[in-house]
Amino acid sequence: MSGDQARGNLRGALLMAVVAVLFCGEALFVRWFTDRGVPVTTQLLFRAGGQLAWVLPMMLAGGAALLRSRHVPLHVLRGSCSLATWALYYISLTKLDLATATVLSFTNVMVTTLLAGPLLREKVGAARWAGVLAGFAGVCLMLRPWEGAGLMMAAPLGVAAALAASLTWCGLTVTTRMLTRTEGTGTIMGWVGLVTFTGILPAAAWGWQPIGWLDLAMLVAFAAFTPAIILLITEAFRFGEASAVGPFQYLRLPIAALFGWALYAEAPDAWGWAGSLVILAGAAVVSTAEARARR
């Protein structure tokens, strides 16, 4: 490995570590807003509004040409998957402990691998299949459907939301890969900003509740930093190799577990930790194998 590549990998890893902190910050904001009675639809409206605000200068500079595309239905599908993913993820954060909701979100890696072959015509090797099987075994350990006291019975809505978010996240990933073959970054970002904001606006208006000045200020801050997550992920992979940078995204789990324990006195049980480790191992295997396959 050259010195430049090593420095790039270090820079990418640091950016991905920042992403892990921002993801956990977003989760804490969601918990805080929910505890204060701010509807999830309002939270999503501000998040989508922040995303749109980030791309607005690009849209103004590019004009109507920026949104010109031969794949409008695919853009709408991608935006819909994005909105559904964040909605379901936010719901899971309000129903599960932070560590469990975080680790279940990593199952999107396994679901994407399952669909990569038939939808993207990608070759899925033995290592990626092994990671998928390990990941789903970890989910079973966490949920323990054979026990009446298992997580599936204790928090069915949270589990369903977390796993459904993995499916829609997979849809987001697959449509992104499809669109990047022909569309520019500005076009993709512009469309997802428009679709998510206009998509959540009716629901947010229907469920709107009065907001205090403190909540409004915090929502604006929330809207300002959450779009940076995707930008930093993109930059991390731009500077570093995927196999070197990718594993750092899993720092989200210990950070989320630490905040959950310190602020809410919550933590997964022994089965939950065992399942979490298996899921993380499976996700890491899949991510590493995919990165090597793309070299």
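The structure this text deals with has already been given above.
Residues numbered from 1 in each chain as written. Predicted model: local features only at pLDDT ≥ 70, side-chain atom pairs only at ≥ 80, totals over all residues. Heavy atoms only, no water.

Caption draft 1: Main features of the overall build of the protein. Along the protein, the regular secondary structure elements total 14 helices and zero strands. Listed by position from the N terminus, the elements making up the protein come as α-α-α-α-α-α-α-α-α-α-α-α-α-α. Looking at the 295 residues of the protein, the share that counts as buried comes to 49%. Residue pairs at least 24 apart in sequence account for 87% of intrachain contacts in the protein once pairs closer than 6 positions are excluded. Summed over all atoms, the accessible surface of the protein reaches about 13,900 Å², with 71% contributed by carbon and sulfur. (Helix = DSSP H or I, 4+ residues; strand = E, 2+ residues; numbered from the N terminus. Buried < 20%, exposed > 50% of the residue type's maximum accessible area, 1.4 Å probe, protein only. Contact = heavy atoms within 4.5 Å. Areas by Shrake-Rupley, 256 points an atom, 1.4 Å probe, with all protein chains shown as cover.)

Caption draft 2: Expanded view of the side chain of His75. With respect to the helices, strands and loops of the structure, His75 is situated in helix 3 (residues 72-95). For His75, a relative accessible area of 1% puts it in the buried group. Reaching out from His75, the side chain makes a polar contact with the side chain of Glu183 at a distance of 2.8 Å. Sequence-distant contacts of His75, defined by excluding residues within four places in its chain, comprise Ser69, Leu179, Glu183, Thr187, Ile188, Trp191 and Val195. (Polar contact = N/O pair within 3.5 Å; in protein donor to acceptor, adjacent residues only side chain to side chain.)

Caption draft 3: Local environment of unusual backbone geometry. Unusually for a residue other than glycine, Ala265 sits at a positive phi of about 50 degrees. Relative to the assigned elements, Ala265 resides in the loop between helix 13 (252-264) and helix 14 (270-293). Using a relative accessible area of 69% as the deciding quantity, one classes Ala265 as exposed.

Caption draft 4: Just the side chain of Thr42, in detail. Within the secondary structure, Thr42 is located in helix 2 (residues 40-62). In this structure Thr42 comes out as buried when scored by relative accessible area, which is 0%. Leave out the neighbours within four places in its chain, and Thr42 touches Trp208, Ile211 and Leu219.

Caption draft 5: Structural context of empty space enclosed by the protein. One pass over the structure, following the stated rule, counts one cavity of 30 Å³ or more. Considering only enclosed or pocket space, the largest cavity measures out at about 60 Å³ in volume. If you go around the largest cavity, the residues you meet are Leu44, Arg47, Ala48, Gln51, Ser82, Leu83, Trp86 and Thr196. Every element with two or more residues in the lining of the largest cavity is listed here: helix 2 and helix 3. Of all the elements, helix 2 adds the most residues to the lining of the largest cavity, at four residues. (1 Å grid on protein atoms, 1.4 Å probe; cavity = no way out; pocket = protein on both sides within 12 Å on 5 of 7 lines; lining within 4 Å. Points joined across faces, edges and corners; volume = space filled by probe spheres on them.)

Caption draft 6: A look at the nonpolar core. Membership of the largest hydrophobic core comes to 56 residues, with the highest contact counts inside it found for Tyr90, Leu93, Val103, Leu104 and Ile279. With eleven residues, the top contributor of residues to this core is helix 1 (residues 3-35). If we skip the residues at most four places from it in the chain, Ile279 touches Val103, Leu104, Phe106, Thr107, Met110, Gly135, Gly138, Val139 and Met142. (Core = buried A, V, L, I, M, F, W, Y, C linked by side-chain atoms within 4.5 Å.)

Caption draft 7: Representation of a nonpolar patch on the surface within the structure. Taken together, the side chains of Trp213, Leu216 and Val220 define a hydrophobic patch exposed on the protein surface, amounting to about 360 Å² of accessible area. As for its position among the elements, Leu216 is in helix 10 (residues 213-225). With relative accessibility at 31%, the residue Leu216 sits in the partly exposed group. (Patch = residues over 30% accessible without salt bridge, like charges linked within 9 Å, V, L, I, M, F, W, Y side chains within 5 Å. Salt bridge = Lys/Arg side-chain N within 4 Å of Asp/Glu carboxyl O.)

Caption draft 8: Highlighting helix 6 (residues 126-143). End to end, helix 6 covers 26 Å across 18 residues, agreeing with the expected 26 Å (1.5 Å per residue, within 8%). Positive phi shows up at Arg144, right after helix 6, with a value of about 45 degrees. (Expected span 1.5 Å × (residues − 1).)

Caption draft 9: Expanded view of the pattern of salt bridges. Inspection of the entire model under this criterion finds three salt bridges. Between Glu26 and Arg47 there is a salt bridge, with the nearest N and O atoms lying 3.0 Å from each other. In this pair, Glu26 sits in helix 1 while Arg47 sits in helix 2, placing the two residues 21 residues apart along the sequence. In terms of burial, Glu26 and Arg47 fall into one category: buried. The partner of Glu266 in a salt bridge is Arg31, with the nearest N and O atoms 3.2 Å apart. Here Glu266, found in the loop between helix 13 and helix 14, pairs with Arg31, found in helix 1; they are 235 residues apart in sequence, far enough to count as distant.

Caption draft 10: The packing of helix 2 against helix 10, seen in detail. The geometry of helix 2 relative to helix 10 is characterised by a closest axis approach of 7 Å and an angle of 45 degrees between their N-to-C directions. Classified by the angle their axes make, helix 2 and helix 10 are oblique. When the axes of helix 2 and helix 10 are compared, the crossing they make is right-handed. Only Leu216, Leu219, Val220, Phe222, Ala223 and Ala224 of helix 10 make contact with helix 2, whose side of the interface consists of Thr42, Gln43, Phe46, Arg47, Gly50 and Trp54. Within the contact of helix 2 with helix 10, the residues separate by chemical class into eight nonpolar, three polar and one charged. (Axes fitted to C-alpha atoms, helices over the stretch in contact; angles between N-to-C directions. Parallel < 35°, antiparallel > 145°, perpendicular 65-115°, else oblique. Left-handed = near helix turned anticlockwise from the far one by under 90°. Nonpolar A, V, L, I, M, F, W, Y, C, P; charged D, E, K, R; others polar.)

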